[in-house]
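Structural description and commentary
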Amino acid sequence: MIEENQPSVLIMIFGATGDLAKRKLFPSIYRLFQKEKINKFAVVGVARRELSNDEFQANVKESILTFTKEQENVDEFASHFYYHSHDVSSSESYIQLKDIADRLDSHYQLEGNRVFYLAMAPEFFGTIAEQVKEQGLTDTNGYKRLVIEKPFGHSFESALELNKRIRTAFEEDEVYRIDHYLGKEMVQNIEVIRFANALFEPLWNSRYISNIQVTSSETLGVEERGRYYETSGALRDMVQNHMLQMVALLAMEPPIRLTTEEIRSEKVRALRSLRPMTKEEVNQYFVRGQYGAGTVNQENVPEYRTEHNVDPESNTETFVAGKLMIDNFRWAGVPFYIRTGKRMDIKSTKIVVQFKDIPMNLYYNTEETLQPNLLVIHIQPEEGITLLLNAKKTGGDVKSTPVQLSYSNKSTDQLNTPEAYEKLLFASMRGDATNFTHWDEVALSWKFVDSISEVWENTKESSFPNYEAGTSGPRPADELLESDGHFWWPVENLDLEN
Ligand code: NAD
């Protein structure tokens with residue numbers, strides 16, 4: 001049941017001195033506080049470092065002053081924050097934490113509601129879940145919820161193992177697995193665009209759609225995350241979670257109701273319909289890339305293999321492109337192309353839905369051939385929708401020309417658009433699990449991704465590095481579409497500003 005009232009809650013952030021807490025979590029809680037969405041709350045920051053409450057509150061204030069535009073009531077806000085210096089594997093430390101939690105619970109009248117937010121390296125997730133149960137932190141009169149960051153496992157087997165450990169302490173409906181893409185305004189908008197428009201839903205199938213392209217490109221390289229990224233790669237870091245979640249939202253059947261369970265069960269069905277690949281088919285349907293040196297935003301950048309904590313002969317992919325087939329009535333024969341990579345030419349996440357050509361082109365005599373209709377969903381950094389149509393070219397001749405109808409979120413609501421983390425944190429406090437990933441989705445996504453990584457890990461890619469930093473990826477990613485008679489719509493030309 002989703003609670004409608006202002007939630008009362010104690011949030012325990014494990015990893016409270018980390019980057020995620022500083023950049024995203026403190027500012028998000030602050031915005032909820034400023035908007036009066038929460039007022040009865042306290043936060044216990046838990047991390048290894050020795051800090052006093054005062055020092056921790058100073059860190060929180062600094063984070064607010066750095067990462068938010070509004071800066072009112074910061075002292076009052078920070079006074080809700082407490083700190084516990086913690087060793088993840090020490091039972092004694094959890095006993096002390098329980099004592100703090102119980103005291104804050106009665107001081108702030110939090111009704112025993114507890115959110116355990118794990119903003120730490122995933123190897124600790126299982127231990128923390130078990131310990132909070134064993135030391136009685138989950139024995140409470142209110143709700144207990146576990147919010148957990150990615151990555152959730154490294155493969156299906158390891159995810160299953162982790163899930164078993166977590167489930168000793170929390171029920172599935174108490175586990176909120178974060179996929180921050182699901183908190184993004186325009187990702188949430190995919191369903192509304194589809195299911196609230198008579199214009200789209202009737203066309204949303206293999207009769208009218210030629211192909212769907214999902215691109216998520218970054219200009220950044222691996223930065224300081226080399227150690228983690230070497231064991232992950234773009235496939236596990238991006239495809240298993242964010243890319244497949246977007247595909248599921250695009251491909252799912254309309255839910256009969258907008259409840260968490262109904263939406264989830266349709267997403268699960270879409271993921272179950274993904275066509276499995278044999279080992280031989282993997283390299284036919286999927287392309288991997290690794291960046292070489294190049295120029296990004298007029299700056300020379302090094303190749304992946306010379307980045308910090310990266311093996312000079314690394315076989316890790318920093319780019320993935322793939323063709324997914326969804327074997328059901330709606331999508332038979334329609335390819336879903338996905339691509340994601342680091343050190344690409346632009347930072348952009350976009351979905352392009354390409355409609356089929358009309359049966360006959362009456363305007364053949366124009367200089368350009370008729371462009372297919374496109375629906376572009378701009379996820380980030382721009383947020384909006386573009387519809388590309390053909391209309392009459394102004395002038396005496398009856399010629400057609402492509403026109404663009406655009407809607408940008410920025411122009412209407414930019415200041416009020418809540419950040420993904422803010423929305424997700426608030427949803428976890430209210431018990432709304434719609435935009436979190438259920439175990440069934442995690443399991444299906446891992447099984448699909450495992451079938452690719454098993455092949456890639458066992459064959460060294462001799463062409464690496466195979467794309468220059470600052471470009472749109474390796475050539476075989478283009479060939480993947482060309483062999484189907486398609487091409488990647490150049491996302492830079494589809495920007496809302498164009
Ligand atoms: P980080 O390395 O900056 O912080 C790690 C935190 O864990 C620190 O507070 C540290 O004190 C604590 N810690 C480490 N070992 C400990 C131990 N033995 N006992 C107690 N505390 C210990 O990491 P981060 O960037 O904040 O990321 C945390 C998690 O969030 C990771 O799972 C990461 O994959 C995920 N994540 C981060 C981001 C991001 O923007 N930083 C985005 C998405 C997901």
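So, here's what we can say about the structure. None of the values given here were measured: they were computed from a predicted structure. (Residues numbered from 1 in each chain as written. Predicted model: local features only at pLDDT ≥ 70, side-chain atom pairs only at ≥ 80, totals over all residues. Heavy atoms only, no water.)

1. Observations regarding the packing of aromatic side chains
A ring pair, where both rings are aromatic, is described by two values, the distance of the centres and the angle of the planes. This structure, assessed with the given rule, holds 23 aromatic pairs. Geometrically, the ring pair formed by Phe56 and Tyr83 is tilted, given 5.1 Å between the ring centres and 45° between the ring planes. Within this pair, whereas Phe56 is found in helix H2 (residues 53–67), its partner Tyr83 is found in strand S3 (residues 81–85), the two being separated by 27 residues in sequence. Each member of the pair Phe56 and Tyr83 is classed as buried. Taking 6.1 Å as the distance between ring centres and 65° as the angle between the ring planes, the aromatic pair formed by Phe286 and Phe448 counts as edge-to-face. With a gap of 162 residues between them, Phe286 in strand S8 (residues 286–289) and Phe448 in helix H13 (residues 439–458) connect regions that are remote in the sequence. Just as Phe286 is buried, Phe448 falls in that class too. (Phe/Tyr/Trp six-rings, centres within 6.5 Å; stacked < 30°, edge-to-face > 60°. Helix = DSSP H or I, 4+ residues; strand = E, 2+ residues; numbered from the N terminus. Buried < 20%, exposed > 50% of the residue type's maximum accessible area, 1.4 Å probe, protein only.)

2. As for the sheet that holds strand S7 (residues 209–217)
Ordered by their spatial adjacency, 8 strands build an open sheet running S8-S11-S12-S7-S13-S14-S15-S16, and the pairing between neighbours is mixed. Sheet topology places S8 and strand S16 (400–408) at the edges, where each strand pairs with a single neighbour. Each strand axis lies, on average, 15° off the axis of its neighbour in the sheet, ignoring direction. The sheet strands contacting helix H8 (residues 226–251) are S7, strand S11 (319–325), strand S12 (335–341) and strand S13 (348–355), and the helix crosses S12 at an angle near 145°. Across the face of the sheet, H13 comes into contact with S8 and S11 while running at roughly 55° to S8. (Pairing = 2+ DSSP bridges. Axes fitted to C-alpha atoms, helices over the stretch in contact; angles between N-to-C directions. Contact = heavy atoms within 4.5 Å.)

3. Observations regarding the sheet that holds strand S5 (residues 144–148)
Within a sheet, each strand pairs with its neighbour through backbone hydrogen bonds, oriented either parallel or antiparallel. Taken together, 6 strands build an open sheet; the order of strands is S3-S2-S1-S4-S5-S6 and the sheet is parallel. Each end of this open sheet is capped by a strand with a single partner; those strands are S3 and strand S6 (175–177). With strand direction ignored, the average angle separating the axes of adjacent strands in the sheet is 20°. Here 5 bridges tie strand S4 (residues 114–118) to S5, and the two strands are oriented parallel to one another. In the strand pairing of S5, Leu118 is matched with Ile148.

4. Digging into the packing of helix H7 (residues 185–195) against H8
Running from N to C, H7 and H8 cross one another at 10°; their axes reach a closest spacing of 9 Å. In this view, H7 runs roughly parallel relative to H8, as classed from their interaxial angle. Where H7 approaches H8, its residues Val187, Ile190, Glu191 and Arg194 are matched on the opposing element by Met246, Leu249, Leu250 and Ala251. (Parallel < 35°, antiparallel > 145°, perpendicular 65-115°, else oblique.)

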